[in-house]
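Per-entry structural report
One-letter residues, chain by chain:
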Amino acid sequence: MTDSTIYNCNVFTLPKIHNRSGNITALNNSIDLPFDIHRVYYLYDIPGGELRGGHAHRELQQLIVAVSGSFDITLDDGLNKKTVSLNRSYFGLHVIPGIWRDLSNFSSGAICLVLASHKYDENDYIRDYNEFLKIKNKCK
Ligand code: TYD
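As a starting point, this report considers the structure included with it. (Residues numbered from 1 in each chain as written. Predicted model: local features only at pLDDT ≥ 70, side-chain atom pairs only at ≥ 80, totals over all residues. Heavy atoms only, no water.)

Some details on the layout of surface pockets
Rules: Put simply, the grid is 1 Å and covers the protein atoms alone, a cavity is a trapped set of points that fit a 1.4 Å probe, a pocket is an open set with protein on both sides within 12 Å along at least five of seven lines, and lining residues have an atom within 4 Å of a point. Grid points are joined across faces, edges and corners, and a volume is the space filled by probe spheres set on the points. Helix numbers and strand numbers start at the N terminus; a helix is a DSSP run of H or I with at least 4 residues, a strand a run of E with at least 2.
Each pocket or cavity is described by its volume, and for the largest pocket that value is around 190 Å³. For the lining of the largest pocket, the secondary structure elements donating two or more residues are β4 (39-43), β5 (52-57), β6 (62-68), β10 (100-104) and β11 (111-116). No other element matches β5, which puts three residues into the lining of the largest pocket.

Digging into unusual backbone geometry
Among all residues save glycine, negative phi is the norm, and among peptide bonds the norm is trans. Spelled out, the test is: Per-residue accessibility, obtained with a 1.4 Å probe over protein chains only, is compared with the maximum for each type, and a residue is labelled buried under 20%, exposed over 50%, and partly exposed between these values.
A positive phi is found at Ser30, a non-glycine position, where the angle reads about 70 degrees. Position of Ser30 relative to the elements: it lies in the loop between β3 (22-24) and β4. Accessibility expressed as a relative area gives 62% for Ser30, which makes it exposed.

Quick notes on the site of the ligand
Selection criterion: We define proximity as follows: a residue is near a molecule or strand when any one of its heavy atoms falls within 4 Å of that partner. Counted as a polar contact is a pair of N or O atoms within 3.5 Å, where, for protein atoms, one must be capable of donating a hydrogen and the other of accepting one, and residues adjacent in sequence contribute only when both atoms are in side chains. Throughout, the ten residues Ala, Val, Leu, Ile, Met, Phe, Trp, Tyr, Cys and Pro are labelled nonpolar, Asp, Glu, Lys and Arg are labelled charged, and all others, Gly among them, are labelled polar.
Neighbouring residues of the ligand: Arg39, Tyr41, Leu43, Arg52, Gly53, His55, Tyr120, Tyr125 and Arg127. One of the backbone N or O atoms of Gly53 is found 2.9 Å from an oxygen atom in the ligand. Residues that form the shell around the ligand fall into these classes: four nonpolar, two polar and three charged.

Looking at the nonpolar core
Definition in use: Put simply, a nonpolar core is a bunch of buried Ala, Val, Leu, Ile, Met, Phe, Trp, Tyr and Cys residues held in one set by side-chain atoms that sit within 4.5 Å of each other. Residue contacts are defined here by distance: any two heavy atoms, one from each residue, within 4.5 Å place the two residues in contact.
Counting residues in hydrophobic clusters, the biggest one holds 20 residues, and the most contacted among them are Ile64, Phe71, Ile73, Leu75, Leu86 and Cys112. Those elements that place two or more of their residues in this core are β6, β7 (71-76), β8 (81-86), β9 (91-95) and β11. At three residues, β7 tops the list of elements feeding residues into this core. Every residue in contact with Leu86, bar those within four places of it in the chain, is listed here: Ile64, Val65, Ala66, Gly69, Ser70, Phe71, Ile73, Phe91 and Leu93.

Points about helix α1 (residues 129-137)
Defined as follows: For this quantity, the arc is that covered by the directions from the helix axis to the C-beta atoms.
When α1 is considered as a whole, its buried residues turn out to be Phe132, Ile135 and Lys136. An end-on view of α1 places all buried positions within 95 degrees of arc, on one side of the element. Exposed residues pointing more than 90 degrees away from the buried face of α1 are listed as Asn130 and Lys134. Looking at the packing, one finds that the buried side of α1 touches β5, β7, β10 and β12 (125-126). With a side-chain oxygen lying 2.9 Å from the backbone nitrogen of Asn130, the N-terminal cap of α1 falls on Asp128.

Next comes the structure, spelled out in C-alpha cells:
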C-alpha cells in the first residue's frame, strides 16, 4: 500500500442488462469485480455541501458506485491527485489500498454504494493526513 498510486484506481464499466422497462446491473464475485466482496454499505441522505471520506485504508479495496445522483471523489496518493465524477449507475471507481479519498459535491438524493473487500475494521483506517504522508513517503 505504500507504493500504490492514483493511476491504478480505474473506473470500471459495469455490466448492464437493458430492456424497455429499465436496467439491471448484477455484480458477481470473481467475474465482474477486481476483488471479492465481503461488505456492502451505502451513503444516503447526505446534506448539501457535506464532505465524506477524509481517510485512506491499509488493506481495504472498494468499488464505489453512484447508484443515484452524482458526487466527486478526489484521490490522493501523497504525490498526485485526481478527481473522478461519478454520475451513472454503471460506472464503478476501484479504490485500492493506500489512497486518500475525499467525497464531495453530492447532488440532492445521491446514493453512494460501496462494495468492500473486507469487513469493517477501524484499525484499517488512516485518518490522519500527516500520518498518511509519512507512510507513503517511506518508499519514495
Ligand atoms: P467512515 O468510513 O469514516 O465514513 P465516510 O468515509 O463515509 O465519511 O465511517 C463513518 C462512521 O461509520 C465511523 O464511525 C465508522 C462507522 N462505520 C461502521 O461502523 N461500519 C462500516 O462499515 C462503515 C463504512 C462505517
